[in-house]
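# Remarks on the overall topology
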Amino acid sequence: QVQLVESGGGLVQAGASLRLSCVASGLTFGDYAMAWYRQGPGKEREFVAASSWRGGHTWYSDSVKGRFTISRDNTRNTVWLQMNALKPEDTAVYYCAAGPVDYHGTYDKDLMHYWGEGTLVTVSL
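This report concerns the structure included in the present document. Since we're looking at a predicted model, the values are computed, not measured.

## Regarding the side chain of S21
Within the element layout of this structure, S21 appears in strand β3 (residues 18-25). In this structure the side chain of S21 is engaged in a polar contact, spanning 3.4 Å, whose partner is the side chain of W80. Discounting chain neighbours no more than four positions away, the residues touching S21 are V5, E6, S7, W36, V79 and W80.

This is the structure we're talking about:
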């Protein structure tokens, strides 16, 4: 049984940093691209960042480029999302997902295979 478990969310002020973690089990971690998505209040789930199998390629949405960094450690079955300079518009539930590598960088959420339950990030003014 595949499980993706996110952690690290919380309530922070604008400008602060948070580091999200996602630990995977029940799958061959290195066989999958790992991605982060988010869903804000009243919004659709959107792509945030992704990493190829060994982290050699990464992709980011324009809204987080330069502020967020995705990384992974295949020996620990873990992927992280370092979020800096947080803004109120970053408030969302953040989800970890595993799926095929997409070198176009689109990372259609409907093509991802496995999902975590999410962790809430709230950024206040």
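## Focus on the pattern of salt bridges
Across all of its chains, the model carries four salt bridges by this definition. The salt bridge involving D90 is made with R38; its shortest N-O contact spans 2.9 Å. Separated by 52 residues along the polypeptide, D90 in the loop between β8 (78-83) and β9 (92-99) and R38 in strand β4 (residues 33-39) bring together distant segments of the chain. Here the two residues D90 and R38 agree in accessibility, since each one is buried. Between D62 and K65 there is a salt bridge, with the nearest N and O atoms lying 3.3 Å from each other.

## Observations concerning unusual backbone geometry
Its identity as a non-glycine residue notwithstanding, N77 has a phi of 50°, on the positive side. Examined against the element boundaries, N77 turns out to sit in the loop between β7 (68-73) and β8. Judged by relative accessible area, which is 23%, N77 ranks as partly exposed. The phi angle at A85 is positive, at roughly 50°, despite the residue not being glycine. With respect to the helices and strands, the residue A85 is situated in the loop between β8 and β9. In this structure A85 comes out as partly exposed when scored by relative accessible area, which is 37%.

## Points about the state of the cysteines
A complete count under the given rule lists one disulfide for this structure. Across the disulfide, C22 is cross-linked to C96 (sulfur-sulfur distance 2.1 Å). The S-S bond linking C22 to C96 shows a torsion near -75°; that makes this disulfide left-handed. One end of the pair, C22, is in strand β3; the other, C96, is in strand β9, and 74 residues separate them in sequence. Here the two residues C22 and C96 agree in accessibility, since each one is buried.

## Things to note about the nonpolar core
Judged by nonpolar contacts, the single largest core of 26 residues is most densely connected at M34, W36, L81, M83 and Y94. Ignoring sequence-local partners within four residues, the contact set of Y94 consists of E6, L20, W36, Y37, R38, V48, F68, L81, M83, G118, T119 and V121. Counting residues in hydrophobic clusters, the runner-up holds ten residues, among them A50, W59, V101 and Y107.

## Description of the sheet that holds β8
Strand order in the open sheet formed by four strands is β1-β3-β8-β7, with antiparallel pairing between adjacent strands. Each having just a single partner strand, β1 (3-7) and β7 make up the two edges of the open sheet. Taken over all neighbouring pairs, the strand axes of this sheet differ in orientation by 15° on average, direction set aside. Pairing analysis gives six bridges linking β7 to β8, with the strands arranged antiparallel. Residue pairing for β8: F68 is matched across the bridge by M83.

Cut-offs and rules
Each chain carries its own residue numbering, running from 1 in the direction its sequence is written. The predicted origin of the model limits local features to residues at a pLDDT of at least 70 and limits the giving and counting of side-chain atom pairs to 80 or more, whereas totals for whole chains, interfaces and linings rest on all residues. Values shown for side chains rest on all heavy atoms present in the structure; no hydrogens or waters enter the calculation. A run of H or I in DSSP becomes a helix once it reaches four residues, and a run of E becomes a strand once it reaches two; helices and strands are each numbered from the N terminus. Pairs of N or O atoms are called polar contacts if they sit within 3.5 Å, as long as, within protein, a hydrogen donor faces a hydrogen acceptor (for residues adjacent in sequence, only side-chain-to-side-chain pairs). Contacts are assigned to residue pairs with any non-hydrogen atoms lying within 4.5 Å of each other. The working definition used for a salt bridge is a side-chain nitrogen of Lys or Arg within 4 Å of a carboxyl oxygen of Asp or Glu. Here the term buried applies to any residue with accessible area under 20% of the maximum for its type, exposed to any over 50%, and partly exposed to those in between, with areas from a 1.4 Å probe on protein chains only. When two cysteine sulfur atoms are found within 2.5 Å, that pair is recorded as a disulfide. Here, nonpolar core means buried Ala, Val, Leu, Ile, Met, Phe, Trp, Tyr and Cys residues that are tied together by side-chain atoms lying within 4.5 Å of each other. By this definition, two strands are paired if DSSP reports at least two bridges between them. Angles here are taken between N-to-C directions and fall from 0 to 180 degrees, while the axes themselves are lines fitted to C-alpha atoms, restricted in helices to the stretch in contact.

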